[in-house]
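Residue-level structure breakdown
So the chains spell out like this:
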Amino acid sequence: MLESQCTWTHSPPPTMSRPLSFLLNNPSSPFPRTFPLRQLFINSTRSLTPAAAPIFRRPSLMAALSTVSVPHPDKDATAAVTPNSSQTQHPLQVAKRLEKFKTTIFTQMSMLAIKHGAINLGQGFPNFDGPDFVKEAAIQAIKDGKNQYARGFGVPDCNAAIAERFKKDTGLVVDPDKEITVTSGCTEAIAATMLGLINPGDEVIVFAPFYDSYEATLSMAGAQVKSITLRPPDFAVPLDEFKSAISKNTRAVLINTPHNPTGKMFTREELDTIASLCIENDVLVFSDEVYDKLAFEADHISMASLPGMYERTVTLNSLGKTFSLTGWKIGWAIAPPHLTWGVRQAHSYLTFATSTPMQSAAAVALRAPDSYYE
């Protein structure tokens with residue numbers, strides 16, 4: 001509606017001596033039922049002090065409000081403010097780098113499981129709750145007032161607990177303040193790593209099938225993705241194919257062990273071969289190890305623990321899978337300082353910080369005795 005079409009039913013124009021909600025919802029309101037809010041603010045500010053009036057005259061606020069219609073209470077008490085149903089339907093819009101990606105398979109499968117009351121095997125979360133001692137720690141953290149923004153790269157105690165756990169698992173000693181970045185789930189750790197360390201045109205090798213976030217975030221970074229397929233029955237890495245694929249043009253290799261969705265554990269021979277070729281060609285390794293505690297028939301080997309590999313590896317992990325707390329979205333990236341810098345730069349502009357009370361609880365979880373994992 002144009003401003004010129006608006007008329008006042010009372011004179012003089014109303015002031016802001018009453019809350020806006022009173023003026024809009026009161027049956028005796030002086031406004032026609034489709035009175036545009038922009039005109040309301042313009043006229044209302046006539047009675048405000050000079051210092052207050054500019055607040056309501058900001059162009060960005062006016063633009064956001066200029067097309068909103070307000071239902072009149074005595075006409076339809078339940079009317080809602082909705083877009084004009086007669087408007088032309090516009091095609092969905094998405095940046096070219098994401099055009100080829102459809103609705104994530106996890107979203108599709110979860111919707112179908114809910115619709116048909118089926119067991120959901122399509123999304124990686126358990127059908128049982130996490131341990132009480134971790135949930136109680138989260139409740140206590142909230143009660144203790146740990147509810148404001150956390151330090152950008154992690155609550156100190158959480159970073160320390162991650163470092164302690166990593167030392168137990170790999171024997172590696174890392175600086176919790178310089179080499180650990182806490183993220184909003186491992187998916188954000190993946191995104192921050194890709195966006196922080198990969199340049200447009202960089203070649204990255206991945207092993208298919210893979211978690212769909214890999215290709216999407218690499219696409220956002222402008223990477224050239226080179227895929228090597230793991231085939232049944234044992235999903236072994238085709239080492240000859242890998243040797244042919246890797247070169248001085250390769251920026252990074254992305255591995256996932258234990259592997260999603262096949263459950264494959266990368267063997268010592270496979271990891272040694274990948275490591276030696278990465279060192280030879282000066283290639284980084286991004287190692288997604290979120291299922292490291294869900295190993296049954298073989299021991300998990302962390303790529304960063306191999307000789308000469310820590311300096312070129314970003315290890316990605318999370319709390320969710322191990323402790324059945326996927327909704328908490330507590331993840332992390334462990335890397336030497338020269339790689340952590342890029343990860344943190346991207347993280348700072350993705351989420352900046354992760355849930356404070358959940359990080360406090362994560363510290364308690366990560367310090368659980370080894371018997372918890374048995």
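That block above? That's the structure.
Residues numbered from 1 in each chain as written. Predicted model: local features only at pLDDT ≥ 70, side-chain atom pairs only at ≥ 80, totals over all residues. Heavy atoms only, no water.

**So, the pairing of strand 4 (residues 250-256)**
Consecutive residues of a regular strand have side chains that alternate between opposite faces of the sheet. Of all 7 residues that make up strand 4, 6 are buried, and the element is covered over most of its length. Handedness of the crossover is the feature at issue here: the chain leaves strand 4, passes through helix 11 (residues 268-281), returns alongside strand 5 (residues 284-288), and the resulting connection is right-handed. (Buried < 20%, exposed > 50% of the residue type's maximum accessible area, 1.4 Å probe, protein only. Helix = DSSP H or I, 4+ residues; strand = E, 2+ residues; numbered from the N terminus. Right-handed = clockwise from strand over helix to strand, strands pointing away.)

**Notes on the nonpolar core**
Counting residues in hydrophobic clusters, the biggest one holds 29 residues, and the most contacted among them are Ile162, Leu319, Trp328 and Ile334. Sequence-distant contacts of Trp328, that is, excluding residues within four places in its chain, are made with Val134, Lys135, Ala138, Leu319, Met358 and Ala361. Within the second largest apolar cluster, 27 residues are counted, among which are Ile190, Ala223, Phe286 and Val343. (Core = buried A, V, L, I, M, F, W, Y, C linked by side-chain atoms within 4.5 Å. Contact = heavy atoms within 4.5 Å.)

**Some thoughts on the pairing of strand 2 (residues 203-208)**
In terms of burial, strand 2 is a largely internal element, 6 of the 6 residues being buried. Here strand 2 shows two buried faces, one formed by Glu203, Ile205 and Phe207 and the other by Val204, Val206 and Ala208. Sheet analysis places strand 2 next to strand 3 (residues 224-229), joined by 6 bridges and oriented parallel. Bridged to Ala208 within strand 3 is Thr229. (Pairing = 2+ DSSP bridges.)

**Quick look at the packing of aromatic side chains**
On inspection of all chains with the given rule, the structure shows 8 aromatic pairs. For the pair Phe323 and Tyr373, a centre-to-centre distance of 6.1 Å together with 75° between the ring planes defines the contact as edge-to-face. Remark: Tyr373 occurs in the segment after helix 14 (356-366) and Phe323 occurs in helix 12 (residues 320-323); sequence separation between them is 50 residues. Linked through ring pairs, Phe133, Phe323, Tyr372 and Tyr373 together constitute an aromatic cluster. A cation sits over an aromatic face here: Lys264 above Phe266, 5.3 Å from the ring centre. Directly above the ring of Phe153 sits Arg344, whose terminal nitrogen or CZ lies 3.8 Å from the centroid. (Phe/Tyr/Trp six-rings, centres within 6.5 Å; stacked < 30°, edge-to-face > 60°. Lys NZ or Arg CZ within 6 Å of the ring centre and 35° of its normal.)

**Structural notes on the sheet that holds strand 7 (residues 331-334)**
Across the sheet, which stays open at both edges, the 7 strands sit in the order 1-7-6-5-4-2-3 with mixed pairing between neighbours. Two strands lie at the open edges of the sheet, namely strand 1 (180-183) and strand 3, each paired on one side alone. Taking each pair of neighbouring strands and ignoring which way they run, the sheet shows an average axis angle of 20°. Sheet topology note: the strand 2/strand 4 ladder contains 4 bridges and is parallel. Across the sheet, residue Glu203 finds its bridge partner in strand 4, namely Thr250. Contacts between helix 7 (residues 156-170) and the sheet are confined to strand 1, strand 6 (313-318) and strand 7, with strand 1 contributing the most and set at about 115° to the helix. (Axes fitted to C-alpha atoms, helices over the stretch in contact; angles between N-to-C directions.)

**Brief notes about the pattern of salt bridges**
The final tally for this structure, using the stated rule, is 13 salt bridges. Measuring nitrogen to oxygen at the nearest pair gives 2.8 Å for the salt bridge that ties Glu215 to Lys100. With Glu215 in helix 9 (residues 212-221) and Lys100 in the loop between helix 4 (59-65) and helix 5 (105-116), this residue pair connects regions lying 115 residues apart in the sequence. On the basis of relative accessible area, Glu215 is assigned to the partly exposed category, the value being 23%. Salt-bridge contacts for Asp169 lead to Arg165; the nearest nitrogen and oxygen are separated by 3.2 Å. (Salt bridge = Lys/Arg side-chain N within 4 Å of Asp/Glu carboxyl O.)

**Some remarks on the layout of surface pockets**
Of the volumes computed, that of the second largest pocket is approximately 410 Å³. As for the second largest pocket, its lining consists of 26 residues, of which Asp169, Asp292, Lys293, His300 and Asn317 are closest to the centre. Elements supplying a minimum of two residues to the lining of the second largest pocket: helix 7, strand 6, helix 12 and strand 7. Top element by residues in the lining of the second largest pocket is helix 7. It accounts for 5 residues. Along the lines of polarity and charge, the residues of the lining of the second largest pocket split into 11 nonpolar, 8 polar and 7 charged. (1 Å grid on protein atoms, 1.4 Å probe; cavity = no way out; pocket = protein on both sides within 12 Å on 5 of 7 lines; lining within 4 Å. Points joined across faces, edges and corners; volume = space filled by probe spheres on them. Nonpolar A, V, L, I, M, F, W, Y, C, P; charged D, E, K, R; others polar.)

**A word on the environment of Ser184**
The topology assignment puts Ser184 in the loop between strand 1 and helix 8 (185-197). Once residues lying within four places of it in the same chain are set aside, the contact partners of Ser184 are Lys329, Thr351, Ala353 and Thr354.

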